[in-house]
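Here is what each chain is made of, one letter per residue.
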Amino acid sequence: MSATLRPTSAHWGSYQVEVHDDRVVGARANPGDPEAAPVIGNTPVAQHHRTRVARPAVRRRWLEHGPGPDPRRGDPEDAYVEVEWSTVLDLLAGELDRVRTEHGNEAIYGGSYGWGSAGRVHHAQSQLHRFLNTVGGYTRSVNTYSHAALEVLFPHLIGTRAATRLFSRVPSWERIREHTELLVSFGGLRVSNTWTTSGGRAAQTAGGAMRAASDAGVEFVSVSPLRDDTDAGVKSAWVSLRPGTDTAVMLALMHVLFREGLADTAFLDRYTVGADRVRAYVLGERDEHGDPGGVERSPEWAERVSGVPAADLRALARRMAEKRTLVNVGWSVQRARYGEQPLWAGFALACVLGQVGLPGAGFASGYGSMGNYGGGATPLGLPRMPQGNNAVRSSIPVALVSDMLLRPGQAYDFNGESRVFPDIRLVYWAGGNPFHHHQDLARLTTAFGRPDTVVVHETHWTATARHADIVIPSTTALERNDLAASQGDLALRAMPRVVPPHGRARDEYDTYADLAERLGVREEFTEGRSSGEWARVVYERWRALLARRDLEVPGFDEFWERGRIDMPARVEDETHLGEFREDPEGNALRTPSGRIELYSETIASFGYEDCPGLPVWLPGPAVTGPGGADDGPGGRHRAVGGDDRPLVLVANQPATRLHSQQDMGGYSVSRKVHGRDPLRMHPDDAERAGVHDGDVVRVTGARGSCLAGLVVSDALRPGVVQLSTGAWYDPSGADVTCVHGNPNALTEDVGTSALSQGCTGQLVRVRVEPYGGTPPRVRAFDPRSVWSRSRADEGAPRRGRAGPGGPGSVPARPGQRRIRRFTLAGRMNPTNPRNAYPTWPGASMPRMAPVLAVGARRNSPMRGWARGTALPTVSRLSTARPVREVHTRVAVSAAVSQPRNSSTARTAYPGVPSGAAPDTAPGPRANSAAAPTTMPVVPARPMR
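First, a word on what this report is: a plain description of the structure on this page. Quantities reported herein were computed from a predicted structural model and do not represent experimental measurements.

### Some points on the packing of helix H4 (residues 124–134) against helix H19 (residues 508–518)
No. 1: Relative orientation of the contacting elements H4 and H19 amounts to 5°, with a least axis distance of 10 Å. Considering the angle they form, H4 stands roughly parallel to H19. From H4, Ala124, Gln127, Leu128 and Phe131 reach across to H19, where they touch Glu508, Tyr509, Tyr512, Leu515 and Ala516.
No. 2: In terms of residue class, the contact of H4 with H19 is made up of seven nonpolar, one polar and one charged.

In structure tokens form, the structure reads like this:
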């Protein structure tokens, strides 16, 4: 029988999957989307990969010893025990209640960082945060790894409202084609970045729009150490500079404008404050503190720092003054030490040109960084799952997670405030992979060893799942019903379920609903609705909002049957700060002065040495060249490195996957070299290092080392190597931090500055050398060592692990590790100080201990306890209710028990039988025949 085509959507766009016998066997572009992202080719392998999490699993050492810090959390040899759904939910509910009762909800870190699914309902971050808000709140993260410096800095410069519009209401590529004459982009305009959008897009339009603008006569200049940072179809001039020196180039361009009388002083006088301070600094009349005796930031100075010829800088500055110019600073440029400075300097450059607020001109940050930037706007919003209110005020900048876990109670600076890190006892992660995003992964591993418990919802055994104590198997987007759209999207799309859930995986909504029941708040979390009913509710609420603006969209049933609707109220045209330019008094900015603050008294008052009150040159540790340490009197900010690490590694976004998602997919794997991510290196540098194309090389950075497969290329300047992020972290090698090629094994975990504390993982100084001997095998995609459940009468060992081929072991399939059978045996150990829990008023027993004695720990009172000992469990946990004592046998059966209230599951999807996905709980082949078969294959609208 031939495969059936089913529509779906992901963060990398809308496309079709080929399904045969409940398996995804292929992927195709939607009709009308000739530029579909090639990363859709990862889906078939990833969907059914051996790294899928099939059943709830609990780390064996956590079961043996109970909650508490464990430096071995994340050990590549650590083993997990599969348990029933009822068991894991009881364990997790008990641990959540213990932590919030003993330490307060502030001790729970809700560490979801998006990207788990493009769906508007089954959005991992929204689901987790809604659940945690329902049970009393959590410590949250603020800002993003992508552009935290931008998020914190620009509200000071132009006010919060205008800063928000800098993300969402910018000129579309069509308007750039009509109005812009010269687009100068720092960080390039990499098309592969535009394949990704939070929520996905109905069609990939950015690449074609760039080429159309180029064909229409828009001139492009790409300022980047990588020549191919801009699509080959775009006629672009390449300005090759040393990584991390963008600010120096921008200051030199302003120097030319000021010296040659090309600066728009009338604009600066009327619309800005602090331009005189910037001018004095650029011309060397003052230093960053306003004191006499600065350094003149001339093109000659910038040439020494950046490697860009002074004559080229002068010529570029004159062209920018002559033409209608748009200055774009890509998100990548800010992800380095002092990352606020290139943003601030780029904005100041646009102001000195006097073109801010003109159509197709001024400043932008995001073209070439995300697919929806320049792809239109949806100012009336999109359907969304409500998250509720967080009763806990505690928060951290997202890139300080390691500091938070390692430094509880210690102070840190952030955006003018002195804050204190909370004491986190439970980390609850869903929908993200910090072992991709974060820096210094060895330090992150140490940090993850500190909490009492780490909980992860995952579809696959990622590095984050392998650092968890409790692993909850979640469905993928292909295994549930949802709806998708992104900011500025062309259409809202239905995402019908196309295959059954893998193993015993469940929708996260159902997991949280059953946890909420155990904690006495099911009704508050669900509001009496299934996830299918929530899909209808969020759609109809959005529909009602549109109706108040006299905009009509069909009802939910018709939308679901059609599969997509064109996005109403979508706008193409927005001139950023255009209203302010027309009437600066009537449309004053929400800044202290009401104007653009090129010098910010507020930021200056913070007294940060690493972020003064105006854009300045602060060379980070990646800066190379003879001018790198030239920073005026005393050389306060000297570059580091030298001959030991002579190269600068650029860790940009991958072109073969989204972040680390589906790294095991066919397209991603096809681009690896000897099974490792490729490191690009200039031929001259490769010759000096004694390495050759196709070699496995060792890359050593500030905090560790990794192995990579070498690709020799002249598409990057000498002195620069490039290794994309996202290879699954594999610390299994004896002499390297990561054997698979994850650049965050090399990076230093330090913030951009005390102002925004943003991510600095883009640049790192490295040494590249041949790897002697036989490279260690990549184990990132091996199945995790899992102990299978066993019936009491199967004769499985009572304690310890079954050796290969020993009693209780299960023969492994070819190419897979042996899966050991394991019997849970034990009960609460009252003599363990970790298990000393208070009781509720009127309770007849201590709180349920999240401890199961697995075999026997040396010198432990649990030693010798027999298989099948009664385990105290509870059906509901709430500070308002006594615990009802229930004893269950711990010798767990091989079948997964039905979760509570599974018979009440309902659906709101037309054509889907009652009790079908996404709402029913897993049972034997649950939901296997419930995929909607009447859903038509709806082609995407042709690109406009």
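From this point, things continue past the structure.
### Some points on the sheet that holds strand S20 (residues 482–484)
No. 1: Read from one edge of the open sheet, three strands run S20-S21-S22, paired in antiparallel fashion. The open sheet has two edge strands with one neighbour each: S20 and strand S22 (564–566). Recorded for the sheet is a direction-independent mean angle of 15° between the axes of neighbouring strands.
No. 2: As paired elements, S20 and strand S21 (residues 491–495) share three bridges and run antiparallel to each other.

### Section: the side chain of Asp749
No. 1: Secondary-structure assignment places Asp749 in the loop between strand S28 (720–722) and strand S29 (763–770).
No. 2: Asp749 gets classed as buried once you look at its relative accessible area, which sits at 12%.
No. 3: Side-chain polar atoms of Asp749 contact the side chain of His438, separated by 3.1 Å.
No. 4: Within polar-contact distance, the side chain of Asp749 engages the side chain of Arg443 at 2.7 Å.
No. 5: Other than its neighbours up to four places away in sequence, Asp749 contacts Ala399, Ser402, Asp403, His438, Gln439, Asp440 and Arg443.

### Section: H4
No. 1: The buried fraction of H4 amounts to nine of the eleven residues, a majority that puts the element mostly inside the structure.
No. 2: Within H4, burial applies to Ala124, Ser126, Gln127, Leu128, His129, Arg130, Phe131, Leu132 and Asn133.
No. 3: The secondary structure elements touched by the buried residues of H4 are helix H3 (85–102), strand S6 (108–110), strand S17 (426–430), H19, helix H20 (522–526) and helix H21 (531–547).
No. 4: Remark: Gly136 follows H4 within two positions and exhibits a positive phi of approximately 120°.

### Here's the deal with the pairing of strand S24 (residues 647–650)
On any regular strand, side chains alternate: one points to one face of the sheet, the next to the other face.
No. 1: The two faces of S24 match: Leu647 and Leu649 on one face and Val648 and Val650 on the other face are all buried.
No. 2: Examined bridge by bridge, S24 and S29 share four bridges and lie antiparallel to one another. Its bridge partner being in S29, Val650 is matched across the sheet by Leu763.
No. 3: As paired strands, S24 and S28 are joined by three bridges and run parallel to one another. Paired with Val648 across the strands is Val720, a residue of S28.

### Structural notes on the pattern of salt bridges
No. 1: Taken as a whole and assessed by the stated rule, the structure comprises 61 salt bridges.
No. 2: As a salt-bridge pair, Asp423 and Arg425 come within 3.3 Å of each other at their nearest N and O atoms.
No. 3: Owing to a relative accessible area of 22%, Arg425 belongs among the partly exposed residues under this scheme.
No. 4: As a salt-bridge pair, Asp677 and Lys672 come within 2.6 Å of each other at their nearest N and O atoms. Exposure class is identical for Asp677 and Lys672. Each is buried.
No. 5: Here the residues in one salt-bridge network are Glu95, Arg98, Glu102, Asp423, Arg425, Arg450 and Asp452, joined through shared partners.

### A short note on the nonpolar core
No. 1: Of all hydrophobic cores here, the largest spans 167 residues; its most connected members are Phe154, Phe347 and Ile596.
No. 2: Those residues within four positions of Ile596 in sequence are excluded, and the remaining contacts are Leu157, Ile158, Phe267, Tyr271, Thr272, Val273, Phe347, Cys351, Val356, Leu577, Phe580 and Leu589.
No. 3: One finds Leu132, Ala516, Phe525 and Met567 within the second-largest nonpolar core, a separate group that totals 57 residues.

### Considerations on unusual backbone geometry
No. 1: For Tyr338, which is not glycine, the phi torsion reads 60° and is therefore positive.
No. 2: Its identity as a non-glycine residue notwithstanding, Gln662 has a phi of 60°, on the positive side.
No. 3: Structurally, the position occupied by Gln662 is in the loop between S24 and helix H25 (666–670).

### Quick word on the environment of Val305
No. 1: One can find Val305 in helix H12 (residues 299–306).
No. 2: Residue classification places Val305 among the buried positions, given a relative accessible area of 0%.
No. 3: With 57 residues separating them in the primary sequence, Val305 and Ala248 have C-alpha atoms 7.1 Å apart.

### Let's talk about the packing of aromatic side chains
No. 1: Within this structure, the stated rule accounts for 28 aromatic pairs.
No. 2: Arranged with centres 5.1 Å apart and planes meeting at 20°, the rings of Phe131 and Tyr512 form a pair that is stacked. Placement of Phe131 in helix H4 and of Tyr512 in helix H19 is noted, with a sequence separation of 381 residues between them. When sorted by exposure, Phe131 lands in the same class as Tyr512, which is buried.
No. 3: Through a chain of ring-to-ring contacts, three or more aromatic side chains come together here, namely Tyr109, Trp429, Phe435, Phe448 and Tyr729.
No. 4: Its guanidinium or amino end placed over the ring of Trp301, Arg297 lies 4.7 Å from that ring's centre, counting from NZ or CZ.
No. 5: Taking the ring centre of Trp85 as reference, the NZ or CZ of Arg506 above it sits at 4.8 Å.

### What to know about the environment of Ala686
No. 1: In this structure, Ala686 sits in helix H26 (residues 683–689).
No. 2: For Ala686 and Val712, which are 26 residues apart along the polypeptide, the C-alpha to C-alpha distance reads 7.1 Å.
No. 3: Sequence-distant contacts of Ala686, that is, excluding residues within four places in its chain, are made with Met681, Val691 and Val712.

### Focus: the sheet that holds strand S25 (residues 678–681)
No. 1: Taken in spatial order, the six strands close into a barrel running S24-S28-S25-S27-S26-S29, and their pairing is mixed. Across the sheet, the axes of successive neighbouring strands diverge by a mean angle of 45°, strand direction being ignored.
No. 2: Here four bridges tie strand S26 (residues 696–700) to S29, and the two strands are oriented antiparallel to one another. Across the sheet, the residue bridging to Val699 is Val768, located in S29.

The rules behind each value
- Residues numbered from 1 in each chain as written.
- Predicted model: local features only at pLDDT ≥ 70, side-chain atom pairs only at ≥ 80, totals over all residues.
- Heavy atoms only, no water.
- Axes fitted to C-alpha atoms, helices over the stretch in contact; angles between N-to-C directions.
- Helix = DSSP H or I, 4+ residues; strand = E, 2+ residues; numbered from the N terminus.
- Parallel < 35°, antiparallel > 145°, perpendicular 65-115°, else oblique.
- Contact = heavy atoms within 4.5 Å.
- Nonpolar A, V, L, I, M, F, W, Y, C, P; charged D, E, K, R; others polar.
- Pairing = 2+ DSSP bridges.
- Buried < 20%, exposed > 50% of the residue type's maximum accessible area, 1.4 Å probe, protein only.
- Polar contact = N/O pair within 3.5 Å; in protein donor to acceptor, adjacent residues only side chain to side chain.
- Salt bridge = Lys/Arg side-chain N within 4 Å of Asp/Glu carboxyl O.
- Core = buried A, V, L, I, M, F, W, Y, C linked by side-chain atoms within 4.5 Å.
- Phe/Tyr/Trp six-rings, centres within 6.5 Å; stacked < 30°, edge-to-face > 60°.
- Lys NZ or Arg CZ within 6 Å of the ring centre and 35° of its normal.

Any link to function would need more than the numbers given here.
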